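Overview (structure and organization)
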Amino acid sequence: MAGGGLAPSNGKVKHYNGRVTSFVIVTCVIAATGGLIFGYDIGVSGGVTSMDEFLEKFFPSVYQQEKTASGSKNQWCQFDSQMLTSFTSSLYVAGLISTYFASMVTQAFGRKSSMLFGGAAFLLGSAINGVAMNVAMLIIGRILLGVGVGFANQAVPLYLSEMAPPQLRGALNMGFQMATTIGIFVAGLVNYGTGKLHAGYGWRISVALAAVPALIMTLGAIALPDTPNSLVERGLRDQAKATLQKIRGTDDVEAELQDMIEASEEAKKVSDPWSSILRPEHRPHLVMAIAIPMFQQLTGINVIMFYAPVLFKTIGFGDSASLMSAVISGLVNVFATTVSIATVDKFGRRILFLEGGIQMVVSQVAVGAILGTFFGDAGTGKLSPGLANLVLALICVYVAAFAWSWGPLGWLVPSEIFPLNIRSAGQSIVVGVNFFFTFVIAQLFLMALCHLKSGLFHLFAAFVVVMTLFVVFLVPETKGVPIEEMTLVWKKHWFWKKYILDDHITPSEHQRAD
């Protein structure tokens, strides 16, 4: 059958004893604050790079180009500067490299250790950026921020997926994306407030306040227990059992613990997870680890989140109006993410992927058409207030679609599909691919905006069509399936089943499949 496939049902998926405890909810909420540092940085970067005081001090050529732009000059190109984009994108190069080391730390010392190290690195980076006197200091600070985000993005989604009970794994894991959207929104508010300061230090407040979410994450990680899966992986079975009893609210956790031990024993047979993930039986996992984070970035979301103030300023919004427009889209992002949290474990992952994809295509095509018709590819046109507000509304429709589909699901689905023996390596590939394409888009966007103009939105719409077809045919439903039994999902899929042989399924999974 040509379709995404369904999760095993009719008693073929194990349901463990226990209940949803307040302890596991609080634990996952604290861990999810790791998303704050990622979101705050995404939100603050675009706002700061649209502030005149910041541009005048560090990027005077861009500042002069912006100020001399007039009705006779192509406004699509006024922010085109490789040095300016390097400021934004340097973080993602550092994140890409650091996620490989984060994988080793996460596997050897636990998810908690990676979160602690990531928070500390981000804290130091925000301090350096806040006192930066030249571009070199800015870049050094951004690199440290990238290390922090790399470690956090590697560890937090895994932590959430392993701590959450299967029936609530989607909602609790999406706490990471919710924290990310809150970080973006708060950064927008901060930028709007500091943008009104004309003493030359408003941008310093914006970048230095990144220390606040970093401190929240670091202190939160100190108080967190490590996951039972990680404890079992490191041979600490008694601690794993005690933690599992606490988060499940019952002493009867033997079945779930035994599955973790069984998965850990299988994982120990693999000496090198990086070579193991290349084996045929892990082909579905490898494809998802590459395709999903790649597609998440090719939606074009970072056109909005990185450069929203710059984009709105380009098409005719004033300084304060452009920053406020970014706040509005950030607020839509937060509320739409709550929709995903409320529905993902009820309706599943695939329906959100598909609906969000269709909605993004429609809104992107409409934005491109309006800008191409009224603003013009020459970049010398002007949008009326009504049309400018319509563009903002359509962008909000697009942001909402992303926020309840590819935004949270781009982190959730990869984090729940890997068997233990390749879990850290797989998550590192996910984060690495995400950072690579985030870097590419951040580095090329302003240049692409200059050359493709409104056609850039149509290009991203075409990418969304491709990724929606990818979901239709190749992404199975994973709702409600315990992580340690996810192999059954691939075994039942119309396409991926040819890679999963019977000896790839654990004894407990065989019992459930019979």
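An unreviewed UniProt entry lists the protein under the name Major facilitator superfamily (MFS) profile domain-containing protein, from Musa balbisiana. Quoted straight from UniProt, the Subcellular location (unreviewed entry) entry for the protein says "Membrane". A UniProt comment under Sequence similarities (unreviewed entry) is attached to the protein, and it reads "Belongs to the major facilitator superfamily. Sugar transporter (TC 2.A.1.1) family."

1. Quick notes on the overall build of the protein
Assigned secondary structure in the protein consists of 26 helices and zero strands. Here the protein, with 514 residues, has 61% of them falling under the buried criterion. With the model as given, the accessible surface of the protein reaches about 18,000 Å², and the carbon-plus-sulfur share is 68%.

2. Examining empty space enclosed by the protein
Across all of its chains, the model carries six cavities of 30 Å³ or more by this definition. As a volume, the largest cavity reaches approximately 160 Å³. Contributing to the lining of the largest cavity are 16 residues, with Ile 42, Gln 177, Ile 301, Asn 302 and Phe 402 lying nearest its centre. Among the elements of the structure, α2 (34-48), α9 (175-194), α16 (283-298), α17 (301-305) and α22 (406-417) are those that each provide at least two residues to the lining of the largest cavity.

3. A word on α2
Here α2 spans 22 Å end to end across 15 residues, near enough to the 21 Å set by a 1.5 Å rise per residue. For α2, the buried fraction is high: 15 of the 15 residues fall into the buried class.

4. Structural notes on the pattern of salt bridges
Taken as a whole and judged by the stated rule, the model has eleven salt bridges. Two residues, Arg 142 and Asp 41, come together in a salt bridge whose shortest N-O distance is 2.5 Å. Of this pair, Arg 142 sits in helix α7 (residues 135-163) while Asp 41 sits in helix α2, and the two are 101 residues apart along the sequence. The residue Arg 111 makes a salt bridge to Glu 162 at a minimum N-O spacing of 2.7 Å. With Arg 111 in helix α6 (residues 111-130) and Glu 162 in helix α7, this pair connects stretches of sequence that are 51 residues apart.

5. Some remarks on a nonpolar patch on the surface
On the surface, Val 93, Leu 96, Ile 97, Tyr 100, Phe 101, Met 104 and Phe 436 cluster together into a nonpolar patch covering about 610 Å² of accessible area. Tracing the backbone through its elements, the reader meets Leu 96 in helix α5 (residues 82-109).

6. Brief notes about the nonpolar core
Grouped together as the largest cluster of nonpolar side chains are 124 residues, with contacts concentrated most on Phe 54, Met 115, Met 288 and Trp 406. If near-sequence neighbours (up to four positions away) are discounted, Trp 406 is found in contact with Ile 292, Phe 295, Gln 296, Thr 299, Phe 353, Met 360, Met 467 and Val 471.

7. What to know about the packing of α7 against α22
It is the contact of α7 with α22, at a shortest axis distance of 9 Å, that shows an interaxial angle of 70°. Between α7 and α22, the angle is such that the two are roughly perpendicular. Judged by the twist between their axes, the crossing of α7 over α22 is right-handed. Contacts between α7 and α22 pair Asn 153, Pro 157, Leu 158 and Ser 161 from the former with Trp 411, Ser 415 and Glu 416 from the latter.

8. Some thoughts on the packing of aromatic side chains
Applying the stated criterion across every chain, the model contains 21 aromatic pairs. Judged by centre distance (6.3 Å) and plane angle (85°), the rings of Phe 38 and Trp 411 are edge-to-face. Note that Phe 38 is positioned in helix α2 and Trp 411 in helix α22, a separation of 373 residues in sequence. With a centroid separation of 5.7 Å and 50° between ring planes, the pair formed by Phe 54 and Phe 59 is classed as tilted. Three or more aromatic residues joined by ring pairs form one cluster here, namely Phe 38, Tyr 92, Phe 176, Trp 411 and Phe 435. Positioned over the ring face of Phe 58 is Lys 57, at 5.7 Å from the centre of the ring.

9. Some details on the environment of Leu 158
Tracing the backbone through its elements, the reader meets Leu 158 in helix α7. With 253 residues separating them in the primary sequence, Leu 158 and Trp 411 have C-alpha atoms 9.4 Å apart. When near neighbours in sequence (up to four residues on either side) are disregarded, Leu 158 contacts Thr 106, Arg 111, Ser 415, Arg 423, Ser 424 and Gln 427.

10. Remarks on the side chain of Thr 180
Note that Thr 180 resides in helix α9. Other than its neighbours up to four places away in sequence, Thr 180 contacts Gly 35, Leu 36, Phe 38 and Gly 39.

Definitions and cut-offs
The numbers attached to residues start from 1 for each chain and follow its sequence in the written order. In keeping with the predicted nature of the model, local features appear solely for residues at pLDDT of at least 70, side-chain atom pairs appear and are counted solely at 80 or more, and the whole-chain, interface and lining totals rest on all residues. Computation of side-chain values covers all heavy atoms of the structure but excludes hydrogens and water. UniProt positions are given in the numbering used here, feature names are shortened, and annotations may be inferred rather than shown by experiment. Each helix corresponds to a stretch of at least 4 residues labelled H or I by DSSP, and each strand to a stretch of at least 2 residues labelled E; elements are numbered beginning at the N terminus. We call a residue buried when its accessible area falls under 20% of the maximum for its residue type, exposed when it is over 50%, and partly exposed in between, using a 1.4 Å probe and counting protein chains only. Accessible surface area values rest on a Shrake-Rupley calculation with a 1.4 Å probe, where residue burial reflects the displayed protein chains alone. A pocket here means an open set of points on a 1 Å grid, computed over the protein atoms alone, that has protein on both sides within 12 Å along at least five of seven lines. A cavity is instead a set of points where a 1.4 Å probe fits but cannot get out; residues with an atom within 4 Å of a point line either one. Grid points are joined across faces, edges and corners, and a volume is the space filled by probe spheres set on the points. What a helix is expected to span follows from its residue count: subtract one and scale by 1.5 Å. A pair is scored as a salt bridge if a Lys or Arg side-chain nitrogen falls within 4 Å of a carboxyl oxygen belonging to Asp or Glu. Exposure above 30% relative accessible area and the lack of any salt bridge qualify a residue for a patch; like charges then connect within 9 Å, and the nonpolar side chains Val, Leu, Ile, Met, Phe, Trp and Tyr within 5 Å. For this analysis, a nonpolar core means a set of buried residues of the types Ala, Val, Leu, Ile, Met, Phe, Trp, Tyr and Cys, connected via side-chain atoms within 4.5 Å. For this analysis, residues touch if any pair of their heavy atoms sits within 4.5 Å. Geometry is summarised by axes, namely lines fitted to C-alpha atoms with helices restricted to the contacting stretch, and by angles between N-to-C directions that run from 0 to 180 degrees. By the definition adopted for this analysis, an angle is roughly parallel if under 35 degrees, roughly antiparallel if over 145, roughly perpendicular if from 65 to 115, and oblique otherwise. Here is the rule for handedness: rotate from the far helix to the near one, and if that takes an anticlockwise turn smaller than a right angle the crossing is left-handed, while a clockwise turn gives right-handed. Whether two aromatic rings pair depends on their centres lying within 6.5 Å, for rings of Phe, Tyr and Trp, where Trp uses its six-membered ring; planes under 30 degrees apart make the pair stacked, over 60 edge-to-face, and the rest tilted. Two conditions define a charge sitting above a ring: the NZ of Lys or the CZ of Arg must be within 6 Å of the ring centre, and it must be within 35 degrees of the ring normal.

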